[in-house]
Amino acid sequence: NGSAGPRRKRNSCRIEAVGKSRRIKKLKMSGKKILCTRPVDGAEEFKKILENSGAEVITVPMIEIHPAADYELLDLKLDNLDKYEGIILTSSNGVKFFFKRAIEKGVKPLNKIYAVGENTGKAVENFGFRVSLIPENYNSASLAEMLSEAGGENSRYLFPSGNLSMKGFAAGLK
């Protein structure tokens, strides 16, 4: 074949898309520079995956995650959990802050818990709770669609979220 030496294996990143397509894509990252804008707490695992695939990763966090300055509204909701069909959680950070506050107040949610994806579901399980539903496609639109189909006309869900949460999610339930 005319080559002077052994072939070098190219670095690639194997991304497994879980959902309807279930296709596996390989991304060649050698020589690429990637800007990672995730918060400091969430960037390290993603950075390692990219670096192991040959990419140079520059981490510049664009947001910071903090607990709420005031828990009055969440406390009111926690005191009235029996009024909700379920609890919708769309991020690992949301899970962490919601359950930490529930534990501080001595509240144990008995509601069904709905998670937007696998990582959010694992975060719920780390607090000792079981997830009732994770959509096949890990996105808020799929979760909203599944809840709209499964819930009754007057179903109520608690959706604890941060100030940068997905504004369109609640509208998708209507």
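Engineer: Please clarify how the pattern of salt bridges should be interpreted in this entry.
Structural biologist: Two side chains that carry opposite charge are able to pair once their charged atoms sit near each other. Throughout the structure, instances matching the rule amount to 4 salt bridges. Between Lys-105 and Asp-79 there is a salt bridge; the shortest N-O distance is 3.3 Å. Taken together, the positions of Lys-105 in helix α3 (residues 92-105) and Asp-79 in helix α2 (residues 72-79) put the pair 26 residues apart, joining distant regions of the chain. As a salt-bridge pair, Arg-101 and Glu-104 come within 2.9 Å of each other at their nearest N and O atoms. Of the two residues, Arg-101 and Glu-104 both sit in helix α3, 3 residues apart, roughly one turn of that helix.

Engineer: Any chance you could explain the packing of aromatic side chains here in plain terms?
Structural biologist: How two aromatic rings sit relative to each other is given by the distance of their centres and the angle of their planes. All told, the structure shown has 4 aromatic pairs when counted by the stated rule. The interplanar angle of 85° and the centroid separation of 5.1 Å between the aromatic rings of Phe-98 and Phe-99 together place this pair among those described as edge-to-face. Each member of the pair, Phe-98 together with Phe-99, is buried. Arranged with centres 5.7 Å apart and planes meeting at 80°, the rings of Tyr-114 and Tyr-157 form a pair that is edge-to-face. One end of the pair, Tyr-114, is in strand β6 (residues 112-115); the other, Tyr-157, is in strand β7 (residues 157-158), and 43 residues separate them in sequence. Comparing Tyr-114 with Tyr-157 shows no difference in burial state: the two are buried. One aromatic cluster in this structure is built from Phe-98, Phe-99, Phe-127 and Phe-129.

Engineer: Sorry, what's going on with the side chain of Asp-75 here?
Structural biologist: Following the sequence through the fold, Asp-75 ends up in helix α2. Residue Asp-75 is classed as buried on the basis of its relative accessible area of 14%. Among the polar contacts made by the side chain of Asp-75, one reaches the side chain of Arg-101 at a distance of 2.6 Å. Leave out the neighbours within four places in its chain, and Asp-75 touches Arg-101 and Lys-105.

Rules used in this analysis
- Residues numbered from 1 in each chain as written.
- Predicted model: local features only at pLDDT ≥ 70, side-chain atom pairs only at ≥ 80, totals over all residues.
- Heavy atoms only, no water.
- Salt bridge = Lys/Arg side-chain N within 4 Å of Asp/Glu carboxyl O.
- Helix = DSSP H or I, 4+ residues; strand = E, 2+ residues; numbered from the N terminus.
- Phe/Tyr/Trp six-rings, centres within 6.5 Å; stacked < 30°, edge-to-face > 60°.
- Buried < 20%, exposed > 50% of the residue type's maximum accessible area, 1.4 Å probe, protein only.
- Polar contact = N/O pair within 3.5 Å; in protein donor to acceptor, adjacent residues only side chain to side chain.
- Contact = heavy atoms within 4.5 Å.

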